[in-house]
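# Remarks on the overall topology
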Amino acid sequence: MYKDLISPPDLLMCCPACKASVYEGFELGNLQCSRCNTDFFSIDNIPCLFANGKQQKHAWESTLGPMFDQWRTTIEQNTQDLKRRDLISALRGRLATMIQLDKTTYNTFQDLIVNKTGLTMRPADQNSLDSEFFSGYQSLLFRDWCWEEGRQENNDALQRLLANIEEPLNNGEINVLILGSGAGRLGWDLHCTLKPQATVALDYNPILSIFAKRLIRDGESVRLGDTRPYPQSGQIGLQDYELKCSNPDKDLAKSWYPLAADVTSAPLNKNSFDLIISPWFVDVCGQEMRDTIAQIDTWLKPGGQWVNSGPLLYMDPMPYVLRYTFEEIKEFIALSGMEFQDERHDLVTYLKAPNDNRITQEEVWTFSVRKPKDNQYKGEHHEPPDWMVMTHIPVPEIKLEELPDHPIIIETYKNINGKNSINYIASVIEDTFSPECDCVELVIGLIDEYIFPREKN
Ligand SMILES: C[S@@+](CC[C@H](N)C(=O)[O-])C[C@H]1O[C@@H](n2cnc3c(N)ncnc32)[C@H](O)[C@@H]1O
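This is a predicted model, so every value here is computed, not measured.

### Looking at the overall build of the protein chain
In terms of regular secondary structure, the protein chain is built from 14 helices and 14 strands. A compact globule built from 457 residues should have a C-alpha radius of gyration of about 23 Å, and the protein chain, at 24 Å, falls within 12% of that. Expressed along its principal axes, the backbone C-alpha trace of the protein chain runs to roughly 90 × 50 × 45 Å. Residues counted as buried form 35% of the 457 residues belonging to the protein chain. Look at the contacts in the protein chain between residues 6 or more apart in sequence, and 69% of them connect residues 24 or more apart.

This is the structure:
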């Protein structure tokens, strides 16, 4: 057993690779799965549960190495520039401050992310992630834990969620899941308000999870220099900050669980959560909305609630056809059998920084959805069929006299029994194909062509 591992209640969890529950071979406390033989790891006692097991650690290390190199290069370059004779004194002062702040941040990161975790720095290799992976969301740390403007922004976000969360939620005896918890503030504030038996704060960025854990669970404060490159005239300018949790609560923190995992293959058991929150997440999580809805439907307990809040600012390379609108998303939710409850649209200021004159406003769509208590899928006839659009719901049974004599078509047909979904059938046949093959698409194609052909006009 890994001593001090911050394990969420194990019934909520499963193996991210083979989906074995704790009864089927997944050993959360030992960070391994004896069913599929995947070994996992932890950093700073945060379980890191990725389908590729320990390879994920390697990917982080070969991304962190170049990031720290780049950082040192910037500090060295600025230190060289400081020696230039032609610098006016204001500029000299700014450069010196910049170097100092960069060093502060560098040292904090080195201490928290390297010295205290045992992560090693590796040179870039084929496993390295996009260079933006770690640096892209650093503003969230400042917004959540020090900027004055951030306090208001977070509070407004919390109020929008609370207005959509139905009371009473089982007298607090609930499990809450935050998808893409980022630097952690919103999920923590919600945890302090609802006092559930567990909040799982899931994010695939270990840096954000480590900071959140240090501030929330360990009650530490850390110093970071804000040197984002937009010093504007008349503004406060470069500054260093102490980041700390303004509402610490050691007891409540024990039931707030940071979890490093990728939503696209998350280690979460079905029917486990009473409340799932997706703040500023569904448009940036790298998978198409229908899959996210399907997962949420799967992880929610019958009667459970999903509250989303955030814009729809899809990022490249999301194809145009998958950049769904509000109305399309509502239709997918209805096709899944979940009930759309309420919605609101707010124009909100996003990530307003003290040393930045620009203001970004986003249209935030907050809605709540309920999974029906009876959880019986009430398939109705649509064209295209519901089960073909939302591939996690059961394909209805069909009796055919004749079928092409092809093993994959026969296997697909054998699995159509009124209970299995296209996703399930795809998982049954996927071993036959190379990992690049999109088996969901393949099963849809086979069903469309040979099993449930479209009605001819
Ligand atoms: C726009 S930020 C929002 C963070 C936080 N919810 C908030 O409101 O401040 C999106 C977050 O989702 C995380 N994220 C993106 N894709 C993810 C994935 N596939 N699995 C887990 N986390 C993901 C990012 O690391 C980031 O922290």
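### Observations regarding the site of the ligand
Around the ligand, a shell composed of 19 residues is seen, among which G180, G182, Y204, N205 and V263 lie nearest. Among the residues forming the shell around the ligand, the class breakdown is eleven nonpolar, six polar and two charged.

### Thoughts on the nonpolar core
In this structure, L177, L202, L259, I276 and I277 are the most contacted members of the largest nonpolar core, which totals 99 residues. When residues in this core are grouped by element, the largest group, seven residues, is from helix α7 (residues 206–216).

### Quick notes on the environment of A253
On the secondary structure map, A253 appears in helix α8 (residues 250–253). With near-sequence residues (within four places) excluded, A253 lies in contact with I216 and R217.

### Observations concerning the domain arrangement of the protein chain
For the protein chain, the assigned domains read domain 1 (60–115), domain 2 (136–370) and domain 3 (387–451). Measuring from the centre of the C-alpha atoms in domain 1 to the corresponding centre in domain 2 gives 30 Å. Taken together, the eleven residues of domain 1 in the interface contact twelve residues of domain 2. Element by element, the count of residues in the side of domain 1 that touches domain 2 is highest for helix α2 (residues 89–115), at ten residues. Across the side of domain 1 that touches domain 2, the residue classes break down as five nonpolar, four polar and two charged.

### With respect to helix α9 (residues 289–299)
For α9, the tally of buried residues reaches nine of eleven residues, placing the bulk of the element in the interior. The set of residues buried in α9 consists of M289, R290, T292, I293, A294, Q295, I296, D297 and W299. On its buried face, α9 sits against β6 (175–179), β11 (273–279), β12 (300–310) and α10 (326–335).

### Observations regarding the sheet that holds strand β2 (residues 32–33)
Across the sheet, three strands lie side by side as β1-β2-β3; this open sheet has antiparallel pairing. Sheet topology places β1 (26–27) and β3 (38–39) at the edges, where each strand pairs with a single neighbour. Pairing geometry for β1 and β2, over two bridges, is antiparallel. The residue of β2 that forms the bridge with E27 is Q32.

Definitions and limits used
Residues numbered from 1 in each chain as written. Predicted model: local features only at pLDDT ≥ 70, side-chain atom pairs only at ≥ 80, totals over all residues. Helix = DSSP H or I, 4+ residues; strand = E, 2+ residues; numbered from the N terminus. Rg over C-alpha atoms; globule rule 2.2 N^0.38 Å. Buried ≥ 20, exposed ≤ 12 C-beta atoms within 10 Å, placed from the backbone. Contact = placed C-beta atoms within 7 Å. Near = placed C-beta within 6 Å. Nonpolar A, V, L, I, M, F, W, Y, C, P; charged D, E, K, R; others polar. Core = buried A, V, L, I, M, F, W, Y, C linked by C-beta atoms within 7 Å. Domains from an automatic or database assignment. Pairing = 2+ DSSP bridges.

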